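Chain and residue survey
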Amino acid sequence: MPDGLSSLNLTRLLRAQGDTIPIVVYTSDDALEPLARAAGVTAFLVKGASLGELRVLLTTWLGTLPHATVPRADIHDGRDAND
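In this section: the overall build of the chain. The number of helices and strands found in the chain is 3 helices and 2 strands. Taken from N to C terminus, the helices and strands of the chain fall in the order α-β-α-β-α. Per-residue burial over the chain gives 14% buried out of 83 residues. Considering only contacts in the chain between residues 6 or more positions apart, those separated by 24 or more positions represent 26%. With an accessible surface of roughly 6,200 Å², the chain has 57% of that area assigned to carbon and sulfur atoms.

So, about the nonpolar core. Grouped together as the largest cluster of nonpolar side chains are 7 residues: Leu8, Ile23, Val25, Ala36, Ala39, Val41 and Phe44. The contact partners of Ala39, leaving out residues within four places of it in the chain, are Leu8, Thr11, Arg12 and Arg15.

Tracing the backbone shows Thr11 in helix H1 (residues 7–16). Those residues in contact with Thr11 that lie beyond four places of it in its chain are Ile23, Ala39, Gly40 and Val41.

Pairing of strand E1 (residues 24–27) with strand E2 (residues 43–46), which is carried by 4 bridges, proceeds in the parallel orientation. Bridged to Tyr26 within E2 is Leu45. Of the crossover connections in this fold, the one passing from E1 over helix H2 (residues 33–39) to the parallel E2 is right-handed.

The rules behind each value
- Residues numbered from 1 in each chain as written.
- Predicted model: local features only at pLDDT ≥ 70, side-chain atom pairs only at ≥ 80, totals over all residues.
- Heavy atoms only, no water.
- Helix = DSSP H or I, 4+ residues; strand = E, 2+ residues; numbered from the N terminus.
- Buried < 20%, exposed > 50% of the residue type's maximum accessible area, 1.4 Å probe, protein only.
- Contact = heavy atoms within 4.5 Å.
- Areas by Shrake-Rupley, 256 points an atom, 1.4 Å probe, with all protein chains shown as cover.
- Core = buried A, V, L, I, M, F, W, Y, C linked by side-chain atoms within 4.5 Å.
- Pairing = 2+ DSSP bridges.
- Right-handed = clockwise from strand over helix to strand, strands pointing away.

Rendered as structure tokens:
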């Protein structure tokens, strides 16, 4: 994120330019939801949400993008991809 530009300000800027790309907020602060919604975010998810909730959200919004693929449902085993 560029210095001085918050995610909500970036969302406002993109929406003002007519951009309709899905924007998902993932945060630990559920009190931000009204501000995020007012800024134009597409979806809001609070940290600690279940894997199922995240999967539904990604499936819903990635499916709206051309050429997007939904990540496999496998649970990462914690190893680095270079291992």
